[in-house]
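Examining the three-dimensional arrangement
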Amino acid sequence: MRFRTLLATVTLVLAGLVASPAVGPAAHAAPPPACTKTSSGTCIKGGQFCPKASYGKSGYDKNHKRWVCKGDRSHPKWTKP
């Protein structure tokens, strides 16, 4: 029984040495989020009014800075999180 255990251990160790992990291209970081567009098609800016439908949601400006639509529910604005 010990011989089988030893043989299995040696086999696993050698298999690990022989089968090298696949080396692929370096993983790229995820691209920064695209800017959130206003109804006129421009990127949002801090302090601008945001749609009531976006209340509580995040958006990004042209510099990939995150903003949250919050404040007064009837007139929410893009503010810092």
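First things first, this report covers the structure right here in the doc. (Residues numbered from 1 in each chain as written. Predicted model: local features only at pLDDT ≥ 70, side-chain atom pairs only at ≥ 80, totals over all residues. Heavy atoms only, no water.)

In terms of helices and strands, the chain carries one helix and three strands. Helices (α) and strands (β) of the chain occur, in sequence order from the N terminus, as α-β-β-β. Looking at the 81 residues of the chain, the share that counts as buried comes to 15%. A separation threshold of at least 6 residues defines the contact pool for the chain, and within that pool the share at least 24 residues apart is 31%. (Helix = DSSP H or I, 4+ residues; strand = E, 2+ residues; numbered from the N terminus. Buried < 20%, exposed > 50% of the residue type's maximum accessible area, 1.4 Å probe, protein only. Contact = heavy atoms within 4.5 Å.)

As paired strands, strand S1 (residues 58–60) and strand S2 (residues 66–70) are joined by three bridges and run antiparallel to one another. Within S2, the position partnered with tyrosine 60 by the bridge is arginine 66. Count of turn residues in the S1/S2 antiparallel hairpin: five residues, of which histidine 64 carries a positive phi of about 65°. Two elements, S2 and strand S3 (residues 77–79), share three bridges in a ladder whose sense is antiparallel. By the bridge assignment for S3, lysine 70 is matched with lysine 77. Linking two consecutive strands that pair antiparallel, namely S2 and S3, is a turn of six residues; a positive phi of about 110° is found at glycine 71 within it. (Pairing = 2+ DSSP bridges.)

For the rest of this paragraph, the subject is the state of the cysteines. The tally for this structure, following the rule as stated, stands at two disulfides. Covalently, cysteine 35 is tied to cysteine 43 through a disulfide, its sulfur atoms 2.0 Å apart. Judged by the sign of its S-S torsion, about -55°, the cystine formed by cysteine 35 and cysteine 43 is left-handed. Given a relative accessible area of 19%, cysteine 43 falls into the buried group. Disulfide pairing places cysteine 50 opposite cysteine 69 at an S-S distance of 1.9 Å. On the sign convention where negative means left-handed, the S-S torsion of about 85° between cysteine 50 and cysteine 69 marks this disulfide as right-handed. Taken together, the positions of cysteine 50 in the loop between helix H1 (2–18) and S1 and cysteine 69 in strand S2 put the pair 19 residues apart, joining distant regions of the chain. (Disulfide = S-S within 2.5 Å.)

Looking now at the side chain of aspartate 61. Within the secondary structure, aspartate 61 is located in the loop between S1 and S2. Buried and without a salt bridge, aspartate 61 has lysine 65 as its closest oppositely charged side chain, separated by 6.0 Å. Within the structure, aspartate 61 has its side chain in polar contact with the backbone nitrogen of asparagine 63 (distance 3.0 Å). Side-chain polar atoms of aspartate 61 contact the backbone nitrogen of lysine 65, separated by 2.8 Å. Beyond its immediate sequence surroundings of up to four residues, aspartate 61 is in contact with Cys35, Ile44 and Trp67. (Lys, Arg positive; Asp, Glu negative; His and termini not counted. Salt bridge = Lys/Arg side-chain N within 4 Å of Asp/Glu carboxyl O. Polar contact = N/O pair within 3.5 Å; in protein donor to acceptor, adjacent residues only side chain to side chain.)

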